[in-house]
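Tertiary structure, described
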Amino acid sequence: MASDVDKRSHWETAAASSLSVDPGNDRSDSPAPALIQGMEPGASQDEAMFVHAQSYEDLTGEVEGMEPASPGLEGQIENMEEITQDFSKLSTQLSVSSSHSDEQSREAPCECGDSPPPVIQEADGELHPQDDWYQHQKHVFVLSEAGKPVYSRYRSEEALSSTAGVMMALVSFLETEKNAIRSIHADGYTVVFVRRSPLVLVSVSHTRQSEQEIAQELLYIYYQIVSLVTLTQLHHLFQQRPSYDLRRLLSGSERITDNLLDSMDTDPSFLLASVRCLPLTSGLRDAATYCLQQAKAKSLVFSILMSAQQLVTLVRKKDQYLHPIDIHLLFNLVTSSSSFREGEAWTPVCLPKFNPSGFFHTYISYLSHKPELLLLMVSTDREDFFTVSNCKKKIMERLEKRGTWTPLKEALSNSLYDVAQVGIPELRHFLYKSKSSRLFTSPAMTAPYNTEVEQKRLVSLYQYLHGRAHCSSHPLTTIYHIGPQENILAWVTEAFELYVCFSPLGTKSSAVNGVSRLLRWIRKEEEKLFILSSSTY
Amino acid sequence: MSGQRVDAKVVMLGKEAVGKTSLVERYVHHRFLQGPYQNTIGAAFVAKAINVGGRNVTLGIWDTAGSERYEAMSRIYYRGARAAIVCYDLTDCSSFERVKFWVNELQNFEEHCRIYICGTKSDLVENDKSLRQVDFHDVQDYADEIKAHLCETSSKTGISVDELFQKVAEDYVNYSDFQVQTEPKGVDLNSRKDLTSYTCCHH
Ligand SMILES: Nc1nc2c(ncn2[C@@H]2O[C@H](COP(=O)(O)OP(=O)(O)O)[C@@H](O)[C@H]2O)c(=O)[nH]1
Ligand SMILES: [Mg+2]
């Protein structure tokens, strides 16, 4: 895998000099960002509202006092051959025949700069019973350590039960290192295992994501399951009965997990481990924040307004910080079910990064459907529904009384901004993440990215570049990726991450130029694009 | 948005997918939503005013998920309920077994809660008698034994739905008036009463 880094026509270190800016610049005068964290466009002026989250921190950091994970498989396991054998068994069960899978002519990662996702050619008129396998780029399975199926993304229960044995055999190699990530490449598939006792998560995919990216997604699935049952209960159930069938307890939640996996293919929030901020004039945002602040209750920890998967504002209890993963899980929960659309919901939710041992009670209610505006309030007291519900009433009353409601709704109905506003002709799309605020901003995906296929393709390119930039063995600060359909410049500094998509006609120097103009524009608009101060009750 | 009190807490109980949400949806919004099944997550609350002999009664209806995952927490939803509508699917006999579980819970923890047993999806058995898996008379015997009211409804056609909630409200008015009056009135800052003043923002 590492070889493809060298083969590419990238400028890497060379670009850094043309992109670097004077770190001594003062925030207010400087249109260009300083490279110091906390000074970049979008950085919060006081403390941040989110827990600091680094890419892959869960993959490399210590988790609950367990052994640190060691990513990568290279040369660490003697039984590599055995694994490969086992995997061949597995893959023949996954594919009808290995020759068939060769026919899929998946492009090797080193030349797949812009190849569309592998398209599955059906042999004329022939229907294979397991063709479903080909139609999906990424299968995800969750098993218990005893090998009991817990979740399967495409409900391929049959395939799961017939492969569970093989998977468990593979997983047994992980026995020594509890949180290790392991991966195997064979037959055009990448199999990634993540073990988080008492669960084992497996992905079988043919995407261009790095192992780390895939492992990060598997961890999201792990956290998703924890958020449904709490870690304490999960451990307890399997300690009592290692052969416990968790599916019973998770029944009805499959849609939530499915939705999370689908979102990770189209929404860069997960990739960036940060929260997308809804652009709003600071006056309106402050007014909305004020209304949330005023409607406080003893048991409330967080009050959140969200619209279309974007954060409008968040008010938190003093000294309490939400983790981007937890807010992603909350957003995913509310968008994965239409059951929240009417009335008021009061739902136990565990926020695994905030406190994995217990449930919070979350109040969920739509303030408006068109445009979408959702109120989420996280409470520590499950008996407190009516108090919290009363807070909603106060919030609505105050928004209306202060004349915030109508302009807010107006702003929400066209909350997505067009990349044309930036005024850089070749610029098509970008992601900009402020590391200190854990917020990111991104324009609407307009033509040519206005179809789902193209959106997924662009996100998978971002994933690919993100993976390369954060590769643990070869991290890169700048990558210029030239492709037939677009060029992308990725720039990762101490203070921000930027992925900028240009038309394929542009040149490298126009891209560098474009990036500094873009950063200047973001600085100019930062009050609107970001939430610059974090509010408490 | 007029300030309104919730008078009676009503909880919907029963196995997943028996039709609790559809029943509430039919009663409150007069509609039946077809489409893929959307299981309720946690529980949903909705307040609805109803007229009983010229008097306005506001029912605070808790629609629960019915999944095992929330079972341990289900008490918070039925605690203090004046009425429980325990649902089962007429075309699924296993769902009737769950009715017994909920009835037991209620008898053990909520002695003041009146129980309404409701067989759902009657339109299905109406169309095809062979689909019925739960005999009406068997359930009637059971209902008599536990002193519960029994009905069969269809949220699809709306049949017997309004009547069920009307009965719940009437029973509340007829049976619980004196109880409320004998309750000591006083301000206890530490107590968290479920039936505190609540604003009903639904029609
Ligand atoms: N034919 C018919 N289907 C119904 C009726 N009530 C509910 N359903 C269907 O049964 C499924 C479960 O309904 P839902 O109300 O969500 O069940 P809950 O889990 O108990 O809340 C849905 O697919 C509904 O469309 C009914 O009266 N007639
Ligand atoms: Mg329901």
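Keep in mind that this is a model prediction, so the values were computed, not measured.

With that settled, consider the overall build of chain A. Scanning chain A from N- to C-terminus turns up 18 helices and 17 strands. Out of the 537 residues in chain A, the part that is buried amounts to 59%. Taking all contacts inside chain A whose residues are at least 6 apart in sequence as the whole, residues at least 24 apart take part in 67%. Put simply, chain A shows about 20300 Å² of open surface, and 50% of that area lies on carbon and sulfur atoms.

With that settled, the discussion passes to the site of ligand 1. All names here are of chain B. Residues in contact with ligand 1 amount to 16 residues; listed here are only the nearest, Ala17, Thr21, Ser22, Tyr37 and Asp123. With respect to ligand 1, the backbone of alanine 17 contributes an N or O atom lying 2.7 Å from an oxygen atom. Contacts to ligand 1 include aspartate 123, whose side-chain N or O atom sits 2.7 Å from a nitrogen atom. Taken by itself ligand 1 offers 580 Å² of open surface, and the protein chains cover 87% of this. Those elements giving two or more residues to the shell around ligand 1 turn out to be helix 1 (20–29) and helix 4 (122–127). The leading source of residues in the shell around ligand 1 is helix 1, at three residues. A per-class count over the shell around ligand 1 returns five nonpolar, five polar and six charged.

We now examine the coordination of the magnesium ion (ligand 2). All names here are of chain B. Bound to the magnesium ion (ligand 2) are the protein donor atoms Thr21 (OG1) and Thr40 (OG1), situated 2.0 to 2.1 Å from the metal. Here threonine 21 is found in helix 1, whereas its partner threonine 40 is found in the loop between helix 1 and strand 3 (43–52), with 19 residues between them in sequence. Under the relative-accessibility criterion, threonine 21 is labelled partly exposed at 31%. For threonine 40, a relative accessible area of 6% translates into the label buried.

Our next topic: the sheet that holds strand 16 (residues 496–502) of chain A. All names here are of chain A. The mixed open sheet is built from six strands, whose spatial order is 6-13-12-16-15-14. Whereas interior strands pair on both sides, the edge strands pair on one side only; in this sheet they are strand 6 (275–276) and strand 14 (478–482). Direction of pairing for strand 12 (residues 427–434) relative to strand 16: antiparallel, over a ladder of seven bridges. Bridge assignment links histidine 429 to a residue of strand 16, and that residue is cysteine 501. Seen against the sheet, helix 18 (residues 508–529) touches strand 12, strand 13 (439–441), strand 14, strand 15 (487–492) and strand 16 and runs at an angle of roughly 125° to strand 16.

As a further point, take the pairing of strand 9 (residues 344–351) of chain A. Residues and elements named next belong to chain A. Counted residue by residue, strand 9 has eight buried out of eight residues, so it is predominantly covered. A two-sided burial pattern is seen for strand 9, the buried positions comprising Glu344, Trp346, Pro348 and Cys350 on one face and Ala345, Thr347, Val349 and Leu351 on the other. Judged from the six bridges that link them, strand 9 and strand 10 (residues 355–368) form a sheet pairing that is antiparallel. Bridging across to strand 10, threonine 347 finds its partner in threonine 362. Taking the residues between adjacent antiparallel strands as the criterion, strand 9 and strand 10 are bridged by three residues.

With that out of the way, let us pick up the interface of chain B and chain A. Taken together, the contacts link 29 residues of chain B with 34 residues of chain A. Both sides of the chain B and chain A interface together cover about 3000 Å² of buried area, and 50% of this is carbon and sulfur. Connecting chain B to chain A are three salt bridges. The closest approach of N and O atoms between B:Glu68 and A:Arg248, which form a salt bridge, is 2.9 Å.

Further remarks concern the environment of A:Ser263. All names here are of chain A. Mapped onto the fold, serine 263 is located in helix 11 (residues 254–266). Here serine 263 falls in the buried class, since its relative accessible area comes to 10%. For the pair formed by serine 263 and valine 459, sequence separation is 196 residues and the distance between their alpha carbons is 11 Å. Not counting chain neighbours up to four residues away, the residues in contact with serine 263 comprise Phe270 and Asn332.

Per the UniProt record, "domain: FUZ/MON1/HPS1 second Longin" (unreviewed entry) is found at residues 298–397 of chain A. In residues 298–397 of chain A, the share of helix is 25% and the share of strand is 44%. The end C-alpha atoms are 20 Å apart.

A few words on the packing of aromatic side chains. Enumeration over the complete set of coordinates arrives at 23 aromatic pairs over all chains. When the centroid spacing of 5.8 Å and the interplanar angle of 80° are considered together, the rings of A:Tyr432 and A:Phe530 count as edge-to-face. In this pair, A:Tyr432 is assigned in strand 12 and A:Phe530 in the loop between helix 18 and strand 17 (535–536), connecting sequence segments 98 residues apart. Each member of the pair A:Tyr432 and A:Phe530 is classed as buried. Each member of the aromatic cluster is reached from another via a ring pair, and the members are A:Trp346, A:Tyr363, A:Phe385, A:Phe386, B:Phe45, B:Trp62 and B:Tyr77.

Cut-off values and rules
- Residues numbered from 1 in each chain as written.
- Chains lettered and ligands numbered in written order.
- Predicted model: local features only at pLDDT ≥ 70, side-chain atom pairs only at ≥ 80, totals over all residues.
- Heavy atoms only, no water.
- Helix = DSSP H or I, 4+ residues; strand = E, 2+ residues; numbered from the N terminus.
- Buried < 20%, exposed > 50% of the residue type's maximum accessible area, 1.4 Å probe, protein only.
- Contact = heavy atoms within 4.5 Å.
- Areas by Shrake-Rupley, 256 points an atom, 1.4 Å probe, with all protein chains shown as cover.
- Near = heavy atom within 4 Å.
- Polar contact = N/O pair within 3.5 Å; in protein donor to acceptor, adjacent residues only side chain to side chain.
- Nonpolar A, V, L, I, M, F, W, Y, C, P; charged D, E, K, R; others polar.
- Donors = N, O, S within 2.8 Å, 3.2 Å for Na, K, Ca; no water.
- Pairing = 2+ DSSP bridges.
- Axes fitted to C-alpha atoms, helices over the stretch in contact; angles between N-to-C directions.
- Buried area = accessible area lost by both parts, 1.4 Å probe.
- Salt bridge = Lys/Arg side-chain N within 4 Å of Asp/Glu carboxyl O.
- UniProt positions renumbered as here; feature names shortened; annotations may be inferred.
- Phe/Tyr/Trp six-rings, centres within 6.5 Å; stacked < 30°, edge-to-face > 60°.

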